[in-house]
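# Observations on chain architecture
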Amino acid sequence: MNEELSETLREAIKELYFWQYGDATNFTAKLYELIGKADPVNRMKLSLAFPYEVLAFKQWERAEVIEQFFKDAGVWPGCAD
């Protein structure tokens, strides 16, 4: 993954973290709620407009240890930002 793509994905993961822990913007909160409720077809449609957010959500959803997922992305408190 190139540097620009990884930074864009990291920003999406950061927004996901804020959504998960109560500090997201209203738009971001609604977007992640919608991604979470979407069936596979509609989630795919959302990925056309919000590819990094849907990818971040899928990775978060599949993570075995949520704290480690956020730490690996550098967005957990205490991690380098």
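Quick note: structure is the one above.
Calculation notes
- Each chain has its residues counted from 1, following the order in which its sequence is written.
- At least 70 in pLDDT is required for a residue's local features to be given in this predicted model, at least 80 for side-chain atom pairs to be given and counted, and no such filter applies to totals for whole chains, interfaces and linings, which use all residues.
- Only hydrogens and water are removed before side-chain values are computed, so all heavy atoms of the structure are retained for them.
- The working definition used for a salt bridge is a side-chain nitrogen of Lys or Arg within 4 Å of a carboxyl oxygen of Asp or Glu.
- Every helix listed is a DSSP run of H or I at least four residues long, and every strand listed is a run of E at least two residues long, numbered separately from the N terminus.
- To sort residues, take the accessible area from a 1.4 Å probe on protein chains only and compare it with the maximum for the residue type: under 20% means buried, over 50% means exposed, and anything in between is partly exposed.
- Residues belong to one nonpolar core when they are buried, are Ala, Val, Leu, Ile, Met, Phe, Trp, Tyr or Cys, and are joined through side-chain atoms within 4.5 Å.
- The contact criterion used throughout is that any non-hydrogen atoms of two residues lie within 4.5 Å.
- A fitted line through C-alpha atoms represents every axis, and for helices the fit uses only the stretch in contact; the resulting angles, taken between N-to-C directions, go from 0 to 180 degrees.
- Geometric relationships in this document are graded by angle, where less than 35 degrees denotes roughly parallel, more than 145 denotes roughly antiparallel, 65 to 115 denotes roughly perpendicular, and other angles denote oblique.
- Polarity classes work like this: nonpolar for Ala, Val, Leu, Ile, Met, Phe, Trp, Tyr, Cys and Pro, charged for Asp, Glu, Lys and Arg, and polar for all others, with Gly in that last group.

### Overview of the pattern of salt bridges
Enumeration over the complete set of coordinates arrives at four salt bridges. Residue R10 pairs with E7 through a salt bridge whose shortest N-O separation is 3.7 Å. Here E7 and R10 lie together in helix α1 (residues 3-20), a separation of three residues that amounts to about one turn. Judged by its relative accessible area of 37%, E7 is partly exposed. Among the charged side chains, a salt-bridge network with shared partners connects E7, R10 and E11.

### Considerations on the nonpolar core
What tends to happen in soluble globular proteins is that the nonpolar side chains get buried as a cluster. I13, L16, Y32, I35 and F70 are the most contacted members of the largest nonpolar core, which totals 19 residues. Residue assignment for this core shows that the elements contributing at least two residues are α1, α2 (26-37), α4 (51-62) and α5 (66-72). With five residues, α1 is the largest single contributor of residues to this core. Those residues in contact with I35 that sit more than four places away from it in its chain are R43, L46, E53, V54 and F57.

### Brief notes about the packing of helix α3 (residues 40-49) against α4
How two helices pack is summed up by the angle between their axes together with the distance between the axes. Interhelical geometry of α3 versus α4 gives an angle of 130° and a closest axis separation of 5 Å. Judged on the interaxial angle alone, α4 and α3 are oblique. Here R43, L46, S47, L48 and A49 of α3 come into contact with α4, specifically with P51, V54, F57, K58 and E61. Looking at the contact of α3 with α4 residue by residue, the class counts come to six nonpolar, one polar and three charged.

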